[in-house]
Amino acid sequence: MEIFKISSSKKKELERILNIDDISRLSITVRDSTILGKEGFQYIILEGPEERLKTAREEFKTISEKIENEEKDKVKDYIEKERDSVYNGLGSIFG
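Just so you know, these numbers come straight off a predicted model, no measurement behind them. (Residues numbered from 1 in each chain as written. Predicted model: local features only at pLDDT ≥ 70, side-chain atom pairs only at ≥ 80, totals over all residues. Heavy atoms only, no water.)

Asker: Residue-level account of the side chain of Glu2, with values.
Answerer: Checked against the element boundaries, Glu2 lands in strand β1 (residues 2-7). Setting aside its immediate chain neighbours within four residues, Glu2 contacts Ile44, Ile45, Leu46, Leu53 and Arg57. (Helix = DSSP H or I, 4+ residues; strand = E, 2+ residues; numbered from the N terminus. Contact = heavy atoms within 4.5 Å.)

This is how it looks when you write it as structure tokens:
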């Protein structure tokens, strides 16, 4: 899992990068910074094969902001809790 922090002002650059073939084939999750009570940027969470993540790292390094480990861990925890909630909800529907 790779997490990038992108300023909201870089929307066009973000769209261009997300449309690159290798990157568009990754699992992509986009969350607004308000999930952590912040404003002005988005978190881009990418998952997939290492060679595609390597391409993403190269592209995103030009537009992403530094994200501290603590902040990265909070985003990761949020995403995992969100997924668990979805899985549990589906389990009660289909269980």
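Asker: Pulling in residues and values, what's your account of the pairing of strand β3 (residues 41-47)?
Answerer: Among the 7 residues of β3, 5 are classified as buried, and the element is accordingly described as predominantly covered. As defined by bridge partners, β1 adjoins β3 across 6 bridges and the pair is classed as antiparallel. Within β3, the position partnered with Ile6 by the bridge is Gln42. Bridge count for strand β2 (residues 27-32) against β3 is 6 bridges, and the pairing is antiparallel. The residue bridging Ile28 from the neighbouring strand is Leu46, located in β3. (Buried < 20%, exposed > 50% of the residue type's maximum accessible area, 1.4 Å probe, protein only. Pairing = 2+ DSSP bridges.)

Asker: Describe a negative patch on the surface, listing the residues and the values that go with them.
Answerer: There is a patch of like negative charges on the surface, built from Asp73, Asp77, Glu80 and Asp84. Take Asp77: it is sitting in helix α4 (residues 69-94). Classification of Asp77 by relative accessible area gives partly exposed; the value is 40%. (Patch = residues over 30% accessible without salt bridge, like charges linked within 9 Å, V, L, I, M, F, W, Y side chains within 5 Å. Areas by Shrake-Rupley, 256 points an atom, 1.4 Å probe, with all protein chains shown as cover. Salt bridge = Lys/Arg side-chain N within 4 Å of Asp/Glu carboxyl O. Lys, Arg positive; Asp, Glu negative; His and termini not counted. Charge placed at Lys NZ, Arg CZ, Asp CG, Glu CD.)

Asker: Quick one: what's the story with the nonpolar core, residue by residue and with numbers?
Answerer: Of all hydrophobic cores here, the largest spans 13 residues; its most connected members are Ile6, Leu14, Ile44, Leu46 and Phe60. When residues of this core are traced back to their parent elements, those giving at least two are β1, α1 (11-18), β3 and α3 (50-60). Non-local contacts of Ile44, meaning those with residues more than four positions away in its chain, are made with Glu2, Ile3, Phe4, Ile6, Leu14, Leu18, Ile28, Thr29, Val30 and Phe60. By size, the runner-up hydrophobic cluster in this structure holds 7 residues, among which are Phe41, Ile45, Ile67 and Val75. (Core = buried A, V, L, I, M, F, W, Y, C linked by side-chain atoms within 4.5 Å.)

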